[in-house]
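# A closer look at the structure
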Amino acid sequence: MTLLEVSNLTVKFYTPDGVVRAVDDLSYQIERGEKFGVVGESGAGKSVSALSLLRLIEDPGRIESGAIRFYEDDAVQTFEEDFPKKVVDLEELRNETDWETLAESLDEEGASAEEITGDSRYAGDDLTDVPADELSIQRVLEGGYGSDVGLIDEQDFIVKNGDRSYIELLRAPEKAIQRIRGNRIAMIFQDAQTALNPVYSVGEQISEAIRHHLDYSDKEAKERTIELLDQVGIPDAEARYGDYPHEFSGGMQQRVIIAMALSCDPDLLVADEPTTALDVMTEAKILGELETLSDEFDTSITLITHDLGVIAELVDRVVVMYAGRPVEKAPVEELFYDPKHPYTVGLMASIPRIGTGADRLKTIPGTMPDLIEVPSGCSFHPRCPYAEEACTRKDPMLVEPETGEPAEAEDKRGVSCLEYTGDLTQGLSFDVSVDNPAVGEQNE
Amino acid sequence: MSLRRFIIRRVLVSIPILLGVSMITFFLVNLAPIDVVDVIIGINPDATQADYARLRNELGIDRPIYIRYWDWLTSALQGDFGPVYSRGLDAGELIAARWKETVLLGLYGWVIALLIAIPIGIYSALKKGQLGDDVGRFAALTGISIPNFWLGLILLGFFSSQLGIFSASTPQTPLLHTKTLAWLLLPGITIGSAAAANLMRIMRTSMIEEMNKEYVTAARAKGLPERTVMLKHVLRNSLISVVTVAAFLTSGIVAGSVVVEQVFGWPGLGRAFVTAATRQEINLILAITLFTGTAIVLMNLVADILYAVLDPRIRDEY
Ligand code: SF4
């Protein structure tokens, strides 16, 4: 069962130096209870994609297009009660819609939704000449025609669709999104030292969210906080409730951040490099705890990291990002045993391997483009050892490596390299050595 | 460390500081070319050389300076600051009679400064780059640039001569009477305006700086309403720098009181100080300087305590 669906997300930053396309047409889904990984070098747009999930992109950044859908019946239900005017029922629409009239009114629009609404979020299908029997409510709404042909109201964000009801996070008003943040979707920040407010005690910083979302009394919130602190492995939790962030070590601060994220029992944890600031020992411990906690609470995790080792330890499925775009999508074993994209192969080679004697650290030559002037064609071509002439021209799509068909279905692998659409003359010629100890461990 | 321990230690540290202040005050004032004997005898043509020597001996001025310091300090601690020759009363009595006026004016200036600066500073920060912010910043710049004696004269001229709603003579009501407090509004504004302008700028910049920190994003990620994020998380952190700067501004307010009391004819220590300086009343100069020095030390103490209340990291110092 899908919990969160990100589709065609594009985020841009309007800086004085130019427009930075931090995330470009990113799509993925997270299943309930699943541990999903987003991996890439720093600057690949991973953190921005994480913050977008909670709509925390700040000026000069803007979520340009795409949709983020949150499938949580319980949340849908409470929102339905509190925002009764913002609900749209697709079943009803489907039954009531007269397809012929709809097709006609679409014809009358005579232009793409992007042109009509002036909103680049709807740069998609042009439905003006589609015959009635090919139309579906989904298509019309996703194309952005919904409000123009009078199907829905621009502000509707609660979508009822049988047992697949969802909340359209990018349309939700600020008030609604505040009730999702920290409550349904919570974030684990990378650097606990800066993410904790230095002037409030750690206990207060955790319990304020509990009081706010769950309506606990001061005393109940405090009890729950102490329980949480204990759960994430902070010794003597009750005594440490009133201590301030600077009185904790880095590892302990990170545990506080995790406790804070878990405080309202969220459905999804977004962990942005949760262990990067820590030493290896603490990292392993915390990852282990994260795994236990997520199993225990049946919480999905989106783990964002540059570290494939961390990915190997924790997640089930991965999307690899480069320059704001997804370049490969695969279950974690397949990614490690059989990487398909040259960039993934490069990333893999840069993991230090223990036990092979030579722990050479291979790096991919060159650096990530600055995302203002993204290279033409395949944006990886300046660094790709297999780049050919075609790579500078043609923009590779995310396709199934076996068939070369667009990788739409979530359970299919996807790779965006021209090799798999048959556009390369020389082909890729890398061997993958399967000796990653982390993967081995996980499979035991 | 606990807040209480911090406060106790900080108070104890103030004692040697106060001693230092008294020492510096005494030695500096004694460097001034004032001869008390001259002041006492004045231009009495009948005074002989022997009279001078006798007086000098009686007053103990011929003794080494450190002994005189010790004498002065011990009697000062008992409230005896020596006579004011031209008035026929004690310096201590004069301070006792006048200090409340000055302290009230200073506090008044502070309260006005804070009441203006904090809300406008917050407003400016929240509306950064918008019209309201520009207006606020322009006002702040103006406030900083205007010398307070000039502002005082302008306010006095306008409200008293033009509008006639401000009486140029001081009210005869008791200090905390509403009439007195209403009258003090103009001197209070005059004395507080520079501090208000400075504080407003600090409030604005430090708030803008804090708003960009990651704990703010983290607070938002918790789902707290924007109001709580700003007024709970950001504000408390921004006030830390405001308190630091406020401590510095105290001496400006003290210095300002000399001018403002003069302009408005308010009978406080500032005016007494001007008289003391022109009449070369060394005991009174010493007493007032010591008083204001102590006041500044105490204000710094209060600022440091506030600082520690706001920021737990500070409590581990000292
Ligand atoms: S499309 Fe070309 S440049 Fe891009 S990854 Fe494939 S081979 Fe390399």
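Residues numbered from 1 in each chain as written. Chains lettered and ligands numbered in written order. Predicted model: local features only at pLDDT ≥ 70, side-chain atom pairs only at ≥ 80, totals over all residues. Heavy atoms only, no water.

### Section: the overall build of chain B
- Per the secondary structure count, chain B includes 13 helices and 2 strands.
- C-alpha extents for chain B along the principal axes are approximately 85 × 55 × 30 Å.
- Expressed as a percentage of its 318 residues, the buried residues of chain B come to 43%.
- Contacts in chain B between residues at least 24 apart in sequence constitute 73% of all its contacts with a sequence separation of at least 6.
- Within chain B, the 23 negative side-chain charges are centred at a point lying 12 Å from the centre of the 27 positive side-chain charges. (Helix = DSSP H or I, 4+ residues; strand = E, 2+ residues; numbered from the N terminus. Buried < 20%, exposed > 50% of the residue type's maximum accessible area, 1.4 Å probe, protein only. Contact = heavy atoms within 4.5 Å. Lys, Arg positive; Asp, Glu negative; His and termini not counted. Charge placed at Lys NZ, Arg CZ, Asp CG, Glu CD.)

### Concerning the side chain of Ser207(A)
All names here are of chain A.
- Relative to the helices and strands, Ser-207 is located in helix H9 (residues 202–214).
- Overall, the relative accessible area of 1% leaves Ser-207 in the buried class.
- Setting aside residues no more than four positions away along its own chain, Ser-207 makes contact with Ala-221, Lys-222, Thr-225 and Tyr-241.

### A short note on the sheet that holds strand E13 (residues 414–415) of chain A
All names here are of chain A.
- What the 7 strands build is an open sheet, ordered E8-E9-E10-E3-E11-E12-E13; its pairing is mixed. Looking at the sheet topology across the chains shown, the edges are occupied by strand E8 (185–188) and E13.
- Bridge analysis of strand E11 (residues 317–322) against strand E12 (residues 325–331) gives 6 bridges, and the strand direction is antiparallel. Bridge pairing in E12 places Val-318 opposite Ala-330.
- Against the sheet, helix H1 (residues 46–53) makes contact with strand E3 (35–39), E8, strand E9 (268–272), strand E10 (300–305) and E11, and its axis sits at roughly 150° relative to E10, the strand it touches most.
- Each of E8 and E9 is contacted by helix H12 (residues 250–262), which is oriented at about 175° to E8, the strand it contacts most. (Pairing = 2+ DSSP bridges. Axes fitted to C-alpha atoms, helices over the stretch in contact; angles between N-to-C directions.)

### What about the sheet that holds strand E2 (residues 18–31) of chain A?
All names here are of chain A.
- Strand order in the open sheet formed by 6 strands is E2-E1-E4-E7-E6-E5, and the pairing between neighbours is mixed. Two strands lie at the open edges of the sheet, namely E2 and strand E5 (87–89), each paired on one side alone. Shown here is a sheet whose adjacent strand axes are inclined to one another by a mean of 15°, direction ignored.
- Direction of pairing for E5 relative to strand E6 (residues 158–160): parallel, over a ladder of 3 bridges. Residue pairing across strands places Asp-89 opposite Lys-160, the latter belonging to E6.

### Regarding the site of the ligand
- Contacts to the ligand come from His341(A), Pro342(A), Cys378(A), Phe380(A), His381(A), Cys384(A), Tyr386(A), Ala387(A), Cys391(A), Cys417(A), Leu418(A) and Leu424(A).
- Tallied by class, the residues present in the shell around the ligand amount to 10 nonpolar, 2 polar and no charged. (Near = heavy atom within 4 Å. Nonpolar A, V, L, I, M, F, W, Y, C, P; charged D, E, K, R; others polar.)

### Re a negative patch on the surface
- Together, Asp98(A), Glu100(A), Glu104(A), Asp107(A) and Glu108(A) give the surface a local cluster of negative charge.
- Taking the relative accessible area as the measure of exposure, Glu104(A) reaches 48% and is therefore partly exposed. (Patch = residues over 30% accessible without salt bridge, like charges linked within 9 Å, V, L, I, M, F, W, Y side chains within 5 Å. Areas by Shrake-Rupley, 256 points an atom, 1.4 Å probe, with all protein chains shown as cover. Salt bridge = Lys/Arg side-chain N within 4 Å of Asp/Glu carboxyl O.)

### Section: helix H6 (residues 131–145) of chain B
Residue and element names in this part refer to chain B.
- Spanning 15 residues, H6 covers 21 Å between terminal C-alpha atoms, matching the ideal 21 Å at 1.5 Å per step.
- Looking at H6, one finds that the buried residues are Asp-133, Gly-136, Ala-140 and Gly-143. Angular distribution of buried residues about the axis of H6 spans 90°; they occupy a single face of the element. Exposed residues lying more than 90 degrees from the buried face of H6 are Leu-131, Val-135, Phe-138 and Ser-145. (Expected span 1.5 Å × (residues − 1). Arc of directions from axis to C-beta.)

### Looking at the interface of chain B and chain A
- Listed by partner, the interface residues are 23 residues for chain B and 28 residues for chain A.
- Here chain B packs against chain A, burying approximately 2300 Å² in sum over the two surfaces, 54% of which is carbon and sulfur.
- Among the residues of chain B in contact with chain A, Glu214(B), Lys222(B) and Lys232(B) are the three that bury the most area, contributing 26% of the side total.
- The tally of links from chain B across to chain A stands at 15 residue pairs in polar contact (both at pLDDT 80 or more).
- At the level of elements, helix H10 (214–221) and helix H11 (226–264) of chain B are the ones that each hand at least two residues to the side of chain B that touches chain A.
- Here the residues of the side of chain B that touches chain A sort into 9 nonpolar, 4 polar and 10 charged. (Buried area = accessible area lost by both parts, 1.4 Å probe. Polar contact = N/O pair within 3.5 Å; in protein donor to acceptor, adjacent residues only side chain to side chain.)

### Some details on the packing of aromatic side chains
Residue and element names in this part refer to chain B.
- Evaluated as defined, the whole model comprises 17 aromatic pairs over all chains.
- On the basis of an interplanar angle of 55° and a centroid distance of 6.4 Å, the ring pair of Trp-99 and Phe-291 is categorised as tilted. You can see Trp-99 sitting in helix H5 (residues 91–126) and its partner Phe-291 sitting in helix H13 (residues 282–310), a full 192 residues away along the chain.
- Assessed through its relative accessible area of 25%, Phe-291 is described here as partly exposed.
- Ring geometry for Phe-158 against Phe-159: centres 5.3 Å apart, planes inclined by 85°, an arrangement best described as edge-to-face.
- Here Phe-158 falls in the partly exposed class, since its relative accessible area comes to 42%.
- Through a chain of ring-to-ring contacts, the aromatic side chains of Phe-26, Phe-27, Tyr-69 and Trp-72 assemble into a single cluster. (Phe/Tyr/Trp six-rings, centres within 6.5 Å; stacked < 30°, edge-to-face > 60°.)

### A word on H12(A)
Residues and elements named next belong to chain A.
- The end-to-end C-alpha distance of H12, which contains 13 residues, comes to 19 Å, matching closely the 18 Å that a straight helix rising 1.5 Å per residue would cover.
- The element H12 is extensively covered by neighbouring structure, given that 11 of its 13 residues are classed as buried.
- Of all the residues in H12, the buried ones are Gly-251, Gln-253, Gln-254, Arg-255, Val-256, Ile-257, Ile-258, Ala-259, Met-260, Ala-261 and Leu-262.
- Among the structural elements, E8, helix H8 (192–195), H9, helix H10 (218–231), E9 and helix H13 (280–297) are those in contact with the buried residues of H12.

### Overview of the environment of Gly82(B)
All names here are of chain B.
- By the element assignment, Gly-82 lies in the loop between helix H4 (65–77) and strand E1 (83–84).
- Using a relative accessible area of 14% as the deciding quantity, one classes Gly-82 as buried.
- When the C-alpha atoms of Gly-82 and Val-13 are compared, they prove to be 28 Å apart, with 69 residues separating the residues in sequence.
- Excluding its chain neighbours within four sequence positions, the residues that come into contact with Gly-82 are Asp-90, Ala-91 and Asn-283.

### Section: unusual backbone geometry
Residue and element names in this part refer to chain A.
- With omega at 0°, the peptide bond leading from Asp-59 into Pro-60 counts as cis.
- Its location among the elements puts Pro-60 in the loop between H1 and strand E4 (61–70).
- One non-glycine residue, Asn-8, lies in positive phi territory at about 50°.
- Of note, Asn-8 is situated in strand E1 (residues 2–15).
- Given a relative accessible area of 40%, Asn-8 falls into the partly exposed group.
- At Asp-236, a position not held by glycine, the phi torsion is positive, near 60°.
- The topology assignment puts Asp-236 in the loop between H10 and helix H11 (237–240).

### Side note on a nonpolar patch on the surface
- On the surface, Leu19(B), Met23(B), Ile24(B), Leu28(B) and Leu31(B) cluster together into a nonpolar patch covering about 520 Å² of accessible area.
- Turning to its location among the elements, Ile24(B) is positioned in helix H1 (residues 3–31).

### Describing the confidence of the model for chain B
- Put simply, chain B has an average pLDDT of 86, and 99% of its residues get 70 or more.
- Of the two predicted TM-score estimates for the complex, the pTM is 0.82 and the ipTM is 0.83. (pLDDT = per-residue confidence, 0-100.)

### Focus: the pattern of salt bridges
- For the structure on display, the rule yields 40 salt bridges over all chains.
- Of the charged contacts in the structure, one is a salt bridge between Glu58(A) and Arg220(B), with a shortest N-O distance of 2.9 Å. Here Glu58(A), found in the loop between H1 and E4, pairs with Arg220(B), found in helix H10, and the two come from separate chains.
- When its relative accessible area of 32% is taken as the criterion, Glu58(A) is described as partly exposed.
- Residue Lys213(B) is joined to Glu210(B) by a salt bridge in which the shortest nitrogen-to-oxygen separation is 3.2 Å.
- Looking at Glu210(B), the relative accessible area reads 9%, which means it is buried.
- Each of Glu204(A), Glu208(A), Arg211(A), Asp218(A), Lys222(B) and Lys232(B) takes part in salt bridges that share partners, so that together they form one network.

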